[in-house]
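Close look at the chain arrangement
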Amino acid sequence: MTSFPLRPQRLGVNIDHVATVRNARGGADPDPVRAALLAQAAGADGITAHLREDRRHIRDRDLSRLRTELAIPLNMEMAATPEMVGIATTLRPHACCLVPERREEVTTEGGLDVAGTETALSAHVARLRDAGIRVSLFIDPDAEQIAAATRVGAAVVELHTGAYAGAADGEAQVREMARIARGATLAASMGLEVHAGHGLNYDNVAPIAARPEIVELNIGHFLIGQAIFDGLPVVIRHMKGLMSHARSRAEQDGAASFMEDEG
Ligand SMILES: CC(=O)[C@@H](O)[C@H](O)COP(=O)(O)O
Ligand SMILES: NCC(=O)COP(=O)(O)O
């Protein structure tokens, strides 16, 4: 039973797929920066933008405009490469989140293999930290990766919720939620700030939001898609309301019971 008020939880809005629509015709509209400013005005706590190596959606110019025009934190998602570290240390966003990338992937498929790339990753993390950037690692919620994240010097881990969001049935979803809960508890116990993201939507966000250790959710594809029907301010306010309600219920009933109820 949670007997203490939970820390406030932030919503980071990922605007990648506004740029996907923009790039479909090669023009300037819809403008991802305009979407980010609308999200900011609607209560987003941060903006996430993924500068992929293939620039399939967010482009370099988008990031520099976001860095100039946003009043809320910019979280630059990027591969752990010298090119991206160079861009980030020049741009100096509030935060960087290192994610795995394969050109042929449709979207991010798994978490970063921190344990298998510690030496190279430690150097990238150090350069980003020396530039005053908060470094997050996008990882699967596994003990080996969480321990490695502390060793390479990351301040934050963002737990990949894709397996949970894409679970084939209720039993698999409960299993994946338990994996995320264990990972969040372990990461927090090791002094890491805990975020979560990938594939979250209105229907599956509550058990994740109810986790006391998770202080930021990064959500994009669903919000941008739903905004086509309801408008970006409405969907952001609704998602923040769902997150807040889930946290309030967790304060009363305990986060663990939340998933049992939903299970
Ligand atoms: C790491 C993650 O899950 C997303 O933030 C990432 O941006 C997904 O990549 P696409 O936005 O290209 O689908
Ligand atoms: N890191 C997760 C993120 O930024 C958004 O992922 P999604 O909601 O677009 O799947």
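What counts, and where the lines are drawn
- Residues numbered from 1 in each chain as written.
- Chains lettered and ligands numbered in written order.
- Predicted model: local features only at pLDDT ≥ 70, side-chain atom pairs only at ≥ 80, totals over all residues.
- Heavy atoms only, no water.
- Buried < 20%, exposed > 50% of the residue type's maximum accessible area, 1.4 Å probe, protein only.
- Helix = DSSP H or I, 4+ residues; strand = E, 2+ residues; numbered from the N terminus.
- Pairing = 2+ DSSP bridges.
- Salt bridge = Lys/Arg side-chain N within 4 Å of Asp/Glu carboxyl O.
- UniProt positions renumbered as here; feature names shortened; annotations may be inferred.
- 1 Å grid on protein atoms, 1.4 Å probe; cavity = no way out; pocket = protein on both sides within 12 Å on 5 of 7 lines; lining within 4 Å.
- Axes fitted to C-alpha atoms, helices over the stretch in contact; angles between N-to-C directions.
- Disulfide = S-S within 2.5 Å.
- Core = buried A, V, L, I, M, F, W, Y, C linked by side-chain atoms within 4.5 Å.
- Contact = heavy atoms within 4.5 Å.

1. As for the pairing of strand β2 (residues 46-50)
Summarising burial for β2: five of the five residues are buried, a large majority. Two elements, strand β1 (residues 10-14) and β2, share three bridges in a ladder whose sense is parallel. From the neighbouring strand, Asn 14 faces β2, where its bridge partner is Thr 48. Bridge count for β2 against strand β3 (residues 74-78) is four bridges, and the pairing is parallel. Each bridged residue has a counterpart across the sheet, and for Thr 48 the counterpart in β3 is Asn 75.

2. A closer look at the pattern of salt bridges
Counted by the stated rule, this structure contains 19 salt bridges. Arg 65 is the partner of Asp 31 in a salt bridge, and the nearest nitrogen-oxygen pair spans 2.9 Å. Taken as a pair, Asp 31 in the loop between α1 (16-25) and α2 (32-41) and Arg 65 in helix α3 (residues 60-69) lie far apart in primary sequence, 34 residues in all. Overall, Asp 31 belongs to the buried group, its relative accessible area being 18%. Between Arg 65 and Glu 69 there is a salt bridge whose closest N-O contact spans 3.5 Å. Of the two residues, Arg 65 and Glu 69 are both situated in helix α3; the distance of four residues between them amounts to about one turn of the helix. Members of the salt-bridge network, linked through shared partners, are Arg 10, Arg 134, Glu 193 and Glu 216.

3. A look at the UniProt feature "binding site: 3-amino-2-oxopropyl phosphate" (unreviewed entry) in the protein chain
The positions UniProt marks with the feature "binding site: 3-amino-2-oxopropyl phosphate" (unreviewed entry) are Asn 14, Arg 25, Gly 199, Gly 220 and His 221. In sequence the annotated residues extend across 208 residues, and in space they extend as well, their farthest C-alpha pair lying 25.7 Å apart. Considering only the annotated residues already named, the ones lining the largest pocket are Asn 14, Gly 199, Gly 220 and His 221. Mapped onto the secondary structure, Gly 199 falls in the loop between β7 (193-197) and α9 (205-209). A residue is classified by how much of its surface remains accessible, and Gly 199, at 42% relative accessible area, is partly exposed. Looking at the element boundaries, His 221 is found in helix α10 (residues 221-230).

4. Topic: the sheet that holds β1
Read around the closed barrel, eight strands run β1-β2-β3-β4-β5-β6-β7-β8, paired in parallel fashion. Taking the axes of each pair of neighbouring strands and ignoring which way they run, one obtains an average angle of 25° across the sheet. Sheet analysis places β3 next to strand β4 (residues 95-98), joined by four bridges and oriented parallel. In the sheet register, Glu 77 faces β4, and the bridge partner there is Cys 97.

5. Side note on the state of the cysteines
Taken as a whole, this structure holds zero disulfides when the rule is applied. Sulfur of Cys 96: no disulfide; nearest cysteine sulfur belongs to Cys 97 and is 8.8 Å away. Residue Cys 96 is classed as buried on the basis of its relative accessible area of 0%.

6. Remarks on the nonpolar core
In terms of nonpolar packing, the biggest core is built from 71 residues, with Leu 137 and Leu 217 touching the most fellow members. When residues of this core are assigned to their parent elements, the largest contribution, six residues, is made by helix α11 (residues 232-253). In contact with Leu 217, other than residues within four places in its own chain, are Gln 9, Arg 10, Leu 11, Gly 12, Ala 196, Leu 200, Val 205, Ile 208, Ala 209 and Met 243.

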